[in-house]
Structures are given as C-alpha cells and as structure tokens.
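Here is how the chains run, residue by residue.
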Amino acid sequence: MEATGTDEVEKIKSKFMSAWHNMKYSWVLKTKTYFSRNSPVFLLGKCYHFKSDESGELSTDGSNFDKINTEISGNVEEFRKDFISRIWLTYREEFPQIKGSVLTTDCGWGCTLRTGQMLLAQGLMLHFLGRAWVWPDALDIDNSDSESWTAHTVKKLTASFEASLTAEREPKLLANHRQRPLKRSWDDSERRNEVYHRKIISWFGDSPLAAFGLHQLIEYGKKSGKIAGDWYGPAVVAHILRKAVEEARDPELQGVTVYVAQDCTVYSSDVIDRQCSFMDSGKADTKAVIILVPVRLGGERTNMDYLEFVKGILSLEYCVGIIGGKPKQSYYFAGFQDDSLIYMDPHYCQSFVDVSIKDFPLESFHCPSPKKMSFKKMDPSCTIGFYCRTVQDFEKASEEITKMLKSSSKEKYPLFTFVKGHSRDYDFASSPLHEERDLFSEDEKKRLKRFSTEEFVLL
C-alpha cells in the first residue's frame, strides 16, 4: 500500500515537471529567431545566403518575405525547408512506463538522450535518404503552430493534471483542430523516401520495442550505472548510442555501425575494421560508420579559440551535428551564423505518439523554427558526430578534419586526433570488435564513470 502511495506521488511530481517545462519552453518556441542578411547561414554542411541591398535582420518564419526580393525569399524558404526536415526529438509524456521505474515521462532529465537521438537520426537520414532530401510537407508546418501549441499546452496540462488527481486514465480535452493539407500524389522516389522517413522516426519511438527509443537507451545505460531519471552526459550518450546500434536487429540497420573515439583519439584501423566486419546477412560488404568524438572545448567555460573549428565542423556535409548545450541544458547543434550556433531544443514536452500505427502524425517530430545561441554560452562538454558511407569516405574525412584540427590548434594540442593503427597497438586492453559478453568492458565503464561526473548538472 505504501509503495502504491509513493508511485502516486512520483506521478504527480512528473505532472508538475511536465507543467513547469511546458510553461517555460512553449514560450521560447513561440519567439522568433532573427538572422543577419549579410552573413551566410550554415546548416549541417549546407550554406544559405540571405544577402540583400538592405542591412538588418531577417526572420525565418516567413513573416517578412514581402520586404525582400524573390531570390532572397527563395533562399530563406529553402533554408526553412531544410531545417524543418531534420528530425526533432523532445521530451514526451504519457508513454509506456519505463522498466524498473514508475516514470512515463522524461521531462527534466532526458534532454541529452534526446539530443543524442537527434544526432543519430541525422546519421540515419544521410544513410537512407541523403543530404539533399527534404520533407515535401515541411513548409506546411508554419510558425502559427507554435502559438496554437502554447495555448493548447496550457489546456492540456490542466486537463492532464486534473485527470491524475481524479484517477482518470484519459484527460478530457477539446481537440486542437487544425486543417491538414490535402495529400498530393507522389512519384515512386518520393514514396520510397517517405517510407524511410517514417521508418527512421519509428526507430526512435517511445516504446520498449523501438530500437533507439528512450526505453532501450535506458536499458543500455544501466550497464554504465545509469537509471531512468539520472542525468546523462554527452560522452555517456555516445557509448549508449553505439551499443544501441550494435544490438539493433532490424535488417535495414545491419549496414550501419557506430565508433566512439577513445580519449579524444580516433584509431583509423579500428574504424575500418568496423566498416569491413561481416554483416549478419553474410555479405562481405562494407558498413557505413557514424563516428562520435566526445571532447571538451575548455575548462569550466568554453574556450573561444575553438569557435572557428566548431564552425568548420558544422560546415561539413558529413557532419551529423553536435550533442552539446549550455550549462544545465542539452541542445542539438546543427549549424551557425557568425558567432551564434543554430540548434534544436528538446525541452518542449509533447504527448506520446504511437509510431506503430499506420500513418502516425509526423508534425511533432519536426521543429517549426530554428533557435540561435552565442557560442560563448556553450557548455565545454560535447560530442561531435560524422557519417562516412564507405572506407574511402572515412579516409577522405580523416584527412580533411586533420587539416582543420591543425589549422585551428594554434600550436596547442588539437581537440582530438586521427591515429593510424589499432587502439591495441597503443597498449589499450580492449578491442572494439571483441568485447566481453557484458555490454561495456571494464575499461569503458571506468571511462564512462569519469565522463558522467564532469559534464552537465541536473536541472
């Protein structure tokens, strides 16, 4: 009886957390982000120019298209379409209970897992859809949604909290009526892309069976001493993502692997071994690799000397973003303009979406508006991600990034390095292809514990 009472208290606490985060972050969603007309904007390797004869700032929500010429507005529209097409994964509530806890929401603690999911989702989009792909319905999500979400959020939270107090299973709430655009006819290529678009999102669904869903990631996190409700730092999340991809059983995912740098070092032979490992299907084909590099951009604060390097990384088309944030909050960094980083914020709490049903709604998985943050506000702990389809792509990327690291290091040690050979050649005990039955080797566990104590602080 006492345990039941504790469970109820935890549920009510989670309702308050959801309410607090939504009241706080839904207003942030509603605010406009302004971009300079005179500086290029980079988004995951793509460059957009909003330059015009007039100086000043430009909002990317389309509200002042009439004030600029057609060429510039077209470029803004292309940028918006590209940004909205990225997969946005946020706090959710009322999803199936997480094993070993009473939690049905990740509000207040799951943001780094969400930013890690966004980075992995971008890697999978590059793998299955390519960098040029954009969601055909992207521009149907306009910024008026943010305003309706804000008003709807208040009603929803009130109804949800009242329901928890009266022990009702489903809160009574008026539906948020929004006219859906009519579905246009698609050609074979668009249909194929839409299948993969939905499939990628479904892998991140908030259910125990989803390969990269919160429930699975938490299970892998337990091997490093983490439980649901704990704070997860960028380095720990990198290792959890690697394990999740290794353990994924969907045949479509057998052609992808993840490598995590060891102590800021990428061992080229280890990466190539992963790419050349036999796939479950028995084919001796190479795998695409997502390389994750946990780094620190300074001591207690981010060192501004690293700004140009971070901008250089986000200018590469094979960059899949950065798991980072500012102190106490994790963001997914995907681009920049001048000295400001462009990001997606996972802190907006949305309702659970059952991705197992046919034609589940996609809107809540795409962010309607980019946000910007000054680089100097960035927390120094982060994980940088790259995607390489082939061994040749990896070799080319390692050369290009090494040059970038050398030019930005200014006679100091570079942030990370690419080294020829295997980690075992440098007296590392464990080989990434021959691990113990346990999900994390003893060496990894020590490293994860060290990382987890030096990163973000719980909200």
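Residues numbered from 1 in each chain as written. Predicted model: local features only at pLDDT ≥ 70, side-chain atom pairs only at ≥ 80, totals over all residues. Heavy atoms only, no water.

Peer 1: Mind showing me how you'd approach the overall build of the protein here?
Peer 2: Scanning the protein from N- to C-terminus turns up 11 helices and 15 strands. Looking at the protein residue by residue over its 459 residues, the buried ones come to 56%. Contacts in the protein between residues far apart in sequence, at least 24 positions, make up 75% of those at least 6 positions apart. Accessible area of the protein: about 21,000 Å², with a carbon and sulfur share of 52%. (Helix = DSSP H or I, 4+ residues; strand = E, 2+ residues; numbered from the N terminus. Buried < 20%, exposed > 50% of the residue type's maximum accessible area, 1.4 Å probe, protein only. Contact = heavy atoms within 4.5 Å. Areas by Shrake-Rupley, 256 points an atom, 1.4 Å probe, with all protein chains shown as cover.)

Peer 1: Is there a simple way to think about the packing of aromatic side chains in this case?
Peer 2: Within a pair of aromatic rings, the relevant descriptors are the distance that separates the centres and the angle that separates the planes. Tallied over the full model, the rule gives 20 aromatic pairs. On the numbers, 5.0 Å between centres and 15° between planes, the contact of F128 with Y196 is stacked. Of this pair, F128 sits in helix α3 (residues 111-128) while Y196 sits in helix α5 (residues 188-203), and the two are 68 residues apart along the sequence. Given the relative accessible area of 15%, Y196 is considered buried. Put simply, the rings of F309, Y318, F386, F394, F416 and F418 pair up and form one aromatic cluster. A cation sits over an aromatic face here: R92 above F365, 4.6 Å from the ring centre. Note that K226 overlies the ring of Y232, its terminal NZ or CZ placed 5.9 Å from the centroid. (Phe/Tyr/Trp six-rings, centres within 6.5 Å; stacked < 30°, edge-to-face > 60°. Lys NZ or Arg CZ within 6 Å of the ring centre and 35° of its normal.)

Peer 1: Could you clarify how one ought to interpret the packing of α3 against α5 in this entry?
Peer 2: In helix packing, the relevant descriptors are the interaxial angle and the interaxial distance, both defined with respect to the helix axes. Taken N-terminus to C-terminus, the directions of α3 and α5 make an angle of 155°; their axes are 10 Å apart at the nearest point. In terms of orientation, α3 and α5 fall into the roughly antiparallel class. In terms of crossing hand, the pair formed by α3 and α5 is right-handed. Contacts between α3 and α5 pair A121, L124, M125 and F128 from the former with R192, Y196, I200 and W203 from the latter. Class assignment for the residues of the contact of α3 with α5 results in seven nonpolar, no polar and one charged. (Axes fitted to C-alpha atoms, helices over the stretch in contact; angles between N-to-C directions. Parallel < 35°, antiparallel > 145°, perpendicular 65-115°, else oblique. Left-handed = near helix turned anticlockwise from the far one by under 90°. Nonpolar A, V, L, I, M, F, W, Y, C, P; charged D, E, K, R; others polar.)

Peer 1: It is not clear to me how the nonpolar core should be interpreted in this structure. Could you clarify?
Peer 2: Generally speaking, a soluble globular protein has its nonpolar side chains buried in company with each other. Core analysis: the largest hydrophobic core is formed by 73 residues, its most contacted members being W109, L124, I200, W203, F204 and F212. The element best represented in this core is α3, accounting for nine residues. Apart from the residues lying within four places of it in its own chain, the contact partners of L124 are L129, I200, W203, F204, F212, L253 and V256. In terms of nonpolar packing, the next biggest core, distinct from the first, is built from 41 residues, L341, M373, F375 and I384 among them. (Core = buried A, V, L, I, M, F, W, Y, C linked by side-chain atoms within 4.5 Å.)

Peer 1: So what exactly am I meant to see when it comes to helix α9 (residues 307-314) here?
Peer 2: Think of an α-helix as 3.6 residues a turn; residues three or four steps apart then line up on the same face. α9 sits mainly inside the fold: seven of its eight residues count as buried. Among the residues of α9, L307, F309, V310, K311, G312, I313 and L314 are the ones counted as buried.

Peer 1: What should I look at first to understand the confidence of the model for the protein in this one?
Peer 2: Close inspection of predicted coordinates is inappropriate for parts of the model with low pLDDT. Within the protein, residue pLDDT values average 81, and 70% of them lie at 70 or more. Throughout residues 451-459 the model reports pLDDT below 50, and contacts reaching past four residues in sequence, or to other chains, amount to 32 contacts. (pLDDT = per-residue confidence, 0-100.)

Peer 1: Help me understand the pairing of strand β13 (residues 371-374) in this model?
Peer 2: Both faces of the sheet carry side chains from a regular strand, because those side chains alternate between them. Of the two faces of β13, only one is covered, namely that formed by K371 and M373; the face formed by K372 and S374 stays uncovered. One ladder, built from four bridges, connects strand β11 (residues 340-344) with β13; its direction is antiparallel. The residue of β13 that forms the bridge with I342 is K372. (Pairing = 2+ DSSP bridges.)

Peer 1: Looking at this model, I keep getting lost on the pairing of strand β8 (residues 288-296). Mind explaining?
Peer 2: Taken across its nine residues, β8 has eight buried, putting it largely inside the fold. As paired elements, strand β6 (residues 256-260) and β8 share five bridges and run parallel to each other. Bridging across to β8, V258 finds its partner in I290. Where β8 and strand β14 (residues 381-388) come together, eight bridges link them in antiparallel fashion. Paired with V295 across the two strands is C382, which belongs to β14.

Peer 1: Even after reading the chapter, I still don't get the pattern of salt bridges, so can you show me in this structure?
Peer 2: Oppositely charged side chains can form a pair if their charged atoms are brought close together. Enumeration over the complete set of coordinates arrives at 13 salt bridges. Here D206 makes a salt bridge to R114, at a shortest N to O gap of 3.0 Å. Note that D206 is positioned in the loop between α5 and α6 (214-221) and R114 in helix α3, a separation of 92 residues in sequence. (Salt bridge = Lys/Arg side-chain N within 4 Å of Asp/Glu carboxyl O.)

Peer 1: Looking at this structure, I do not really get the side chain of K226. What am I missing?
Peer 2: Along the chain, K226 falls in the loop between α6 and α7 (234-247). Despite its burial, K226 pairs with no opposite charge, the nearest such side chain being D230 at 5.2 Å. One polar contact links the side chain of K226 to the main-chain carbonyl oxygen of W231, over a distance of 2.7 Å. (Lys, Arg positive; Asp, Glu negative; His and termini not counted. Polar contact = N/O pair within 3.5 Å; in protein donor to acceptor, adjacent residues only side chain to side chain.)

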